[in-house]
Amino acid sequence: QVQLVESGGGLVQPGGSLRLSCAATGIRVSIDVMGWYRQAPGKQRDLVATISTTGRTNYADSVKGRFTISRDNAKKTVYLQMNTLKPEDTAVYYCYAVVFPTAHWGQGTQVTVSS
């Protein structure tokens, strides 16, 4: 049974920082791609960032320069360091992991940026 276990969501002030973690269990092989998506109420689910096994990264334009994605291949864990947070970053953040051709998704963790 494949599971992606997320942690680190919560309430933060504008301009503050938060670090999300996601650990994959039940996957016996290396994970091709890990990443994060987010979805605000009534809106589409959007890509935030991805990272390959070699460390190549991809970011949405809206988070470039503020967010940093990283991974620990031995722990099968992906992280998202979020700095200079804005109210527009408020959303449910979903972890995902791809073992081609299958994508696995986490349960989501709420991030709220508010004064």
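The structure under discussion appears in the preceding block.
We now turn to the structure provided with this report.

Cut-off values and rules
- Residues numbered from 1 in each chain as written.
- Predicted model: local features only at pLDDT ≥ 70, side-chain atom pairs only at ≥ 80, totals over all residues.
- Heavy atoms only, no water.
- Helix = DSSP H or I, 4+ residues; strand = E, 2+ residues; numbered from the N terminus.
- Contact = heavy atoms within 4.5 Å.
- 1 Å grid on protein atoms, 1.4 Å probe; cavity = no way out; pocket = protein on both sides within 12 Å on 5 of 7 lines; lining within 4 Å.
- Points joined across faces, edges and corners; volume = space filled by probe spheres on them.
- Nonpolar A, V, L, I, M, F, W, Y, C, P; charged D, E, K, R; others polar.
- Phe/Tyr/Trp six-rings, centres within 6.5 Å; stacked < 30°, edge-to-face > 60°.
- Lys NZ or Arg CZ within 6 Å of the ring centre and 35° of its normal.
- Salt bridge = Lys/Arg side-chain N within 4 Å of Asp/Glu carboxyl O.
- Buried < 20%, exposed > 50% of the residue type's maximum accessible area, 1.4 Å probe, protein only.

Let's talk about the side chain of Ser21
Next up, step 1: Relative to the helices and strands, Ser21 is located in strand 3 (residues 18–25).
Next up, step 2: Not counting chain neighbours up to four residues away, the residues in contact with Ser21 comprise Val5, Glu6, Ser7, Trp36, Val78 and Tyr79.

Considerations on the layout of surface pockets
Think of a ball as big as a water molecule: rolled over the atoms, this probe shows where empty space is left.
Next up, step 1: Volume-wise, the largest pocket comes out at about 190 Å³.
Next up, step 2: Lining the largest pocket are Arg38, Gln39, Ala40, Lys43, Gln44, Asp46, Leu47, Ala60, Ser62, Glu88, Thr90 and Ala91.
Next up, step 3: At the level of secondary structure, the elements contributing two or more residues to the lining of the largest pocket comprise strand 4 (33–39) and strand 5 (46–52).
Next up, step 4: Tallied by class, residues from the lining of the largest pocket come to 4 nonpolar, 4 polar and 4 charged.

Quick look at the packing of aromatic side chains
Note on aromatic pairs: each is described by the distance of the centres and the angle between the planes.
Next up, step 1: Tallied over the full model, the rule gives 3 aromatic pairs.
Next up, step 2: Ring pairing ties together the aromatic residues Tyr37, Tyr96 and Trp105, which thus form one cluster.
Next up, step 3: Its end group placed over the ring of Tyr37, Arg45 keeps NZ or CZ at 5.6 Å from the ring centre.
Next up, step 4: The ring of Trp105 has Arg45 sitting right over it, with the charged end atom 3.8 Å from the ring centre.

Notes on the pattern of salt bridges
Next up, step 1: Counted by the stated rule, this structure contains 3 salt bridges.
Next up, step 2: Between Arg38 and Asp89 there is a salt bridge whose closest N-O contact spans 2.9 Å. Of this pair, Arg38 sits in strand 4 while Asp89 is found in the loop between strand 8 (77–82) and strand 9 (91–99), placing the two residues 51 residues apart along the sequence. Taken as a pair, Arg38 and Asp89 share a single burial class, namely buried.
Next up, step 3: For Lys64, the salt bridge identified is with Asp61, shortest N-O distance 3.6 Å.
Next up, step 4: Lys64 sits in the partly exposed class, given a relative accessible area of 49%.

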